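Breakdown of the fold
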Amino acid sequence: MSTEKSRLMKAWEWHEQRLPIGSFLDHSLGSKYPAPKNLNYWWNFGSLALFMLVTMIITGVFLAMNYTAHVTLAFNSVERIMRDVNNGWLIRYMHSNGASFFFIVVYIHIFRGLYYGSYKPPREVLWWMGVVIYLLMMATAFMGYVLPWGQMSFWGATVITNLFSAIPGVGDAIVTLLWGGFSVDNPTLNRFFALHYLLPFVIVGVVFIHIWALHVPGSNNPLGIDAAPADKIPFFPYYVAKDVFGLGVFLMVYFAVVFWAPNMMGDPLNYVPANPMVTPPHIVPEWYYLPFYAILRAIPDKLLGVVAMFGSILILFVLPWLDRHPVRSASFRPIFRIFFWIFLANGLMLGWCGAQLAEGLPLILSRIGTFWYFFHFIVLLPLLSWIETPKPLPASISQPVLSPAE
Amino acid sequence: MRKIVLAAAAAFILTAPAFAAEEVKPMEREWHFNGMLGKFDKQQLQRGFQVYKEVCASCHSLNYISFRNLEDIGYSEDQVKVIAAEYQVTDGPDENGDMFQRPARPSDHIPHPFANDQLARASNGGALPPDLSLMTKAREDGPNYVYSLMLGYKEAPNGFELNPGMSYNAFFPGHQIAMPQQITDDRVTYADGTKASAEQIATDVVAFLHWTAEPKLEVRHATGVRVLLFAFLFTVLAYLYKRRLWARLGKH
C-alpha cells in the first residue's frame, strides 16, 4: 500500500517537474497565495464572477449545439430547446438568467472596489483588466440577447448598432460593416453568433491576466492598508471555504429565480418573433445597460450622447488618477463615503430613468443624473483628493486604531 | 448617513412606478400554476383546449404545439390519435410528384388556420390574428392580461371614436381591438359538464395557453424544490465547515 502510494507520488512529482500544474494552482488560488485575514463578504464576489463565467460558457456550449443562427429559424430553434431538447428549458433559463446574475455579481464586485479604493496604487493595471472584462461582458451580453431573434433582440440590435453611425465620417461605413448589409438581417445574426461564442474565451484570457495582476500586490482589504505577512492567511483552505459558503448562498438566490421567476428580468416582447415591419412602442435594453442608456438619451445631440455613454465607462480607466487620495478605504474617508453612496443611488436612479420613455420627469432626472455621474469623477474625486482629511489609519490589520472609529 | 441614503434610494425605487405612464392594470386572478409547487389542473387544460378548438382555432394558430404534446394534458396516446385524425394536413410529394391531404398524426403540428399571413389578414378585416403558443409570456403579466382582455369588452364610452370594424376593450392598449368579443356565457358546452360561464371559459383557455407557453412548468417547479433543498443543505454544511476552520485562527 505504502509503496503503491509513493509510486503515485513519484509519478506526480515526475509530472510536476515537467509541467508544474499543481504548484501553479497552489500559488494561484491555493495554500501558497497569502490573503489578508480581514477580508469581508464583499470579497466573495470575485470568485462568484468566475463561477458565473464558467456556468455561462458551459450552458452556452450546450445551447449552441441546438441553436440555429438564421433569421427564419433562430426563434423556432430556441423554442425547440425550451420544449423538445432534454432539459433544454433548464439550460436556457440558467443561461439567460445567468447573464443577469453575472452582471449583478460583477456590479457588486466593481462597487466593492470603488468603496475600498481597490483601483489605487499599486493595483491600477488590475483595475484596468477589470474594466476590460466589464466592456467585453457588455459586448458579449448584447450580442447574446440578439440571438433568440425576438422583437427586442431585433430592435435592440437596430438601436445599439445605429449608435455607431454618430461617428463623423466613417460612422455609416462602420454600421454597414457591423450589419453585414444595409439593415439588421441574417448576416448580422450570423456574425453576432460567431462573436458571442468567441468573446467569452477572450474574457477567460483577460480574467487570467486580472488574477495574475492581483497576485503581484495581493488582495486589498477592508482597511485599505498594506497587509503585513503576519496578517495574511493562506487562500486555501480559509478563503476557499468562505467562497464555497458564499457560493451556496448565491446559488439559492440564482436558482430561486431560474426555477420560479425565469422571465422576470426579460422583456415579454422577446417572446414575439422579430418583425422588421413592426416597431415596438418602447425599445428598452436589458436592465444592466439601463444607466448607460439613460446617459445616452439624456443628451439631445446624438454624437455627444454616444460619447457620453462610452465616456461614462471609459472614464473608469483613469479613475486611479482622478482619485489620488492616499487613503484607499472609504472607512477612513468620511466625506468620500457619503459621496460613494450618493454615486450608487445616482446610478440606480439612472437605471430607473433608462427604463422609462425619455420625456418629462425621467428625462429631467437622467440629465441631473448624467451631470452628477461625471461631476463625481471629474470634479468631486480630484477635489476630495486635495481637501479631505482622513481618519487615523490603524498601524496594521491586527492593531485596530484606538480612536473611537465607527 | 449611509442609512439615510439607502433609505432614500429604496423609497425612490418603491415609489418610482407612480411616475410611470398611466396604464390599465389587468384584473388579478389566482392561478393553479403559480406558487412554489404550482401545477396545471389537467381537467382545466382539457377544457381550455376545447375552448381553443371551438372558439380560437378558426383564426389563431398554435405553431409550437404538436398533437403529441396533448398527452401532457392528460389525453392517452389513443385519444391523441383520434384528436389528430380530425384534422387534415398537406403531405407529399408522393411518387407522382403531387402533394396530397391526409389525416394528421400525433407527430404533426396543429395546422395553421390560414395558408399564409396575407390570407389571414384578408379574412380578418386587415388584422393579423397572432399565434397564441407564447401569448401568456409575450405580454406583461400575461395570464392576467389575456384573462382580462377576454372579458374586457364593453360599450365604448361617450365621445370615444371607434373605427369601423373595431371593438372597444378596456384592457387592450389604445382600447381598439380588431377581434370582436368571443367569450360569453355558454359559448361552449363543456364535455366534462362544467358550467360554462364567461369567467370559467376565460380562466380555462388562459390556463391552457399558459401550458402552451410554458409546457415544462411542472417539472421546473418540482426540480426547483429539489435543487433548492440541496443548495440549502450544501450551504449549511459549507457554513459549519467554514466556521470550524476559521475558529483555528482565533478571533478574526
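Residues numbered from 1 in each chain as written. Chains lettered and ligands numbered in written order. Predicted model: local features only at pLDDT ≥ 70, side-chain atom pairs only at ≥ 80, totals over all residues. Heavy atoms only, no water.

**Notes on the overall build of chain A**
We apply this condition: The helix and strand labels rest on DSSP assignments: H or I over at least four residues marks a helix, E over at least two residues marks a strand, and numbering proceeds from the N terminus. Note on method: radius of gyration uses C-alpha positions; expected globular size equals 2.2 Å times residues raised to 0.38. Any residue under 20% of the maximum accessible area for its type is buried, any over 50% is exposed, and the rest in between are partly exposed; the area is computed with a 1.4 Å probe on protein chains only. For this analysis, residues touch if any pair of their heavy atoms sits within 4.5 Å. For accessible areas, the Shrake-Rupley method is used with a probe of radius 1.4 Å. Any residue's cover is judged against the shown protein chains and nothing else. When charges are counted, neither His nor the chain ends are considered; positive counts come from Lys and Arg and negative counts from Asp and Glu. Taken as the charge centre is NZ of Lys, CZ of Arg, CG of Asp or CD of Glu, depending on the residue.
Of regular secondary structure, chain A possesses 15 helices and 2 strands. Taking 406 residues into account, the globule formula puts the C-alpha radius of gyration at 22 Å, and chain A, at 24 Å, falls close to it. Projecting the C-alpha coordinates of chain A onto the three principal axes gives extents of approximately 65 × 65 × 40 Å. Every one of the 406 residues in chain A was classed for burial, and the buried ones make up 51%. When contacts within chain A are restricted to residue pairs at least 6 apart in sequence, those whose partners lie at least 24 apart make up 80%. When the accessible surface of chain A is totalled, it reaches about 18,700 Å², and 73% of it is carbon and sulfur. Positive and negative side-chain charges of chain A, numbering 23 and 19 respectively, have mean locations separated by a distance of 6 Å.

**A look at the state of the cysteines**
Worth spelling out the cut-off: In what follows, a disulfide is any cysteine sulfur pair within 2.5 Å.
The full count for this structure, using the stated rule, is 0 disulfides over all chains. Free cysteine: Cys 59 of chain B, not disulfide-bonded; nearest cysteine sulfur from Cys 56 of chain B at 9.3 Å.

**So, a nonpolar patch on the surface**
This is how the line gets drawn: Patches here: salt-bridge-free residues with over 30% relative accessible area, like charges joined within 9 Å, nonpolar side chains (Val, Leu, Ile, Met, Phe, Trp, Tyr) joined within 5 Å. We define a salt bridge as a contact between a side-chain nitrogen of Lys or Arg and a carboxyl oxygen of Asp or Glu at a distance within 4 Å.
Nonpolar side chains collect at one region of the surface, where Met 9, Trp 12, Leu 19, Ile 21, Phe 24, Leu 25, Phe 208, Ile 209, Trp 212 and Val 216 of chain A lie side by side and expose about 1,100 Å² of accessible area between them. Examined against the element boundaries, Phe 208 of chain A turns out to sit in helix α9 (residues 186–215).

**Considering the pattern of salt bridges**
Residues and elements named next belong to chain A. The full count for this structure, using the stated rule, is 15 salt bridges over all chains. Notably, a salt bridge pairs Arg 83 with Glu 79, separated by 2.8 Å at the nearest N-O pair. You can see Arg 83 and its partner Glu 79 sitting in helix α4 (residues 74–83), 4 residues apart, about one turn around the helix. Accessibility assignment for this pair places Arg 83 and Glu 79 in one class, buried. In this structure, Asp 226 engages Arg 328 in a salt bridge whose closest nitrogen and oxygen atoms are separated by 3.2 Å. Taken together, the residues span a long stretch of sequence, with Asp 226 in the loop between α9 and β2 (232–234) and Arg 328 in the loop between α13 (319–322) and α14 (334–355) at a distance of 102 residues. The exposure class assigned to Arg 328 is buried, which follows from its relative accessible area of 10%. Because the salt bridges share partners, they merge into one network encompassing Lys 120, Asp 323, Arg 333 and Glu 388.

**Remarks on unusual backbone geometry**
Following Pro 121 of chain A, the chain continues into Pro 122 of chain A via a peptide bond in cis, with omega recorded as 5°. Here Pro 122 of chain A shows up in the loop between α5 (88–115) and α6 (124–146). In this structure, the amide linkage connecting Gly 92 of chain B to the following residue, Pro 93 of chain B, adopts the cis form with an omega of 0°. In this fold, Pro 93 of chain B is placed in the loop between β1 (88–91) and β2 (100–103). If you check the backbone angles, Asn 87 of chain A has positive phi at about 55° while not being a glycine.

**Considering the environment of Leu 39 of chain A**
Residues and elements named next belong to chain A. Inspection of the secondary structure assignment puts Leu 39 in the loop between β1 (34–36) and α3 (45–64). Residue classification places Leu 39 among the buried positions, given a relative accessible area of 7%. On a C-alpha basis, the gap between Leu 39 and Asn 221 in space is 5.5 Å, while along the polypeptide they are 182 residues apart. Setting aside chain neighbours within four positions, we find Leu 39 in contact with Ser 219, Asn 220, Asn 221, Pro 222, Tyr 239 and Lys 242.

**Some points on the domain arrangement of chain A**
Residue and element names in this part refer to chain A. What counts here: All domain edges in this entry derive from an automatic or database-based domain assignment. Once two parts are brought into contact, the accessible area they lose, counted with a 1.4 Å probe and summed over both, makes up the buried area.
For chain A, the assigned domains are domain 1 (38–219 + 239–283) and domain 2 (286–389). Each of domain 1 and domain 2 has a C-alpha centre, and the two are 22 Å apart. Tallying the contact residues gives 40 residues for domain 1 and 36 residues for domain 2. Across the domain 1/domain 2 interface, buried area totals approximately 3,300 Å², and carbon plus sulfur atoms make up 70% of it. Considering only the side of domain 1, the residues that lose the most area to domain 2 are Tyr 115, Lys 120 and Leu 163, jointly responsible for 20% of the buried surface there. Summed over the shared surface of domain 1 and domain 2, the result is 1 salt bridge.

**Side note on a negative patch on the surface**
Together, Glu 28, Glu 30, Glu 140 and Asp 141 of chain B make up a negatively charged patch on the protein surface. You can see Asp 141 of chain B is positioned in the loop between α4 (117–123) and α5 (142–151).

**Comments concerning the packing of aromatic side chains**
To keep it simple, the criterion reads: Side-chain rings of Phe, Tyr and Trp, where Trp is taken by its six-membered ring, are said to pair if the distance between their centres is within 6.5 Å; with planes under 30 degrees apart they count as stacked, over 60 as edge-to-face, and otherwise as tilted. Criterion for a charge above a ring: Arg CZ or Lys NZ at most 6 Å from the ring centre, at most 35 degrees from the ring normal.
Counting across every chain of the model gives 54 aromatic pairs over all chains. Ring centres 4.0 Å apart and planes at 10° place the aromatic pair Phe 103 of chain A and Tyr 288 of chain A in the stacked group. With Phe 103 of chain A in helix α5 and Tyr 288 of chain A in the loop between α10 (235–260) and α11 (290–298), this residue pair connects regions lying 185 residues apart in the sequence. For Phe 103 of chain A, a relative accessible area of 2% translates into the label buried. Look at Tyr 288 of chain A and you get buried, because its relative accessible area is 3%. Of the aromatic side chains, those joined through ring pairs into one cluster are Trp 43, Phe 111, Tyr 115, Tyr 116, Phe 340, Trp 341, Phe 343, Tyr 373, Phe 374 and Phe 377 of chain A. Over the ring of Tyr 190 of chain B we find Arg 47 of chain B; its NZ or CZ atom is 5.7 Å from the centre of that ring. Cation over ring: Lys 242 of chain B sits above Trp 246 of chain B, and NZ or CZ is 4.8 Å from the ring centre.

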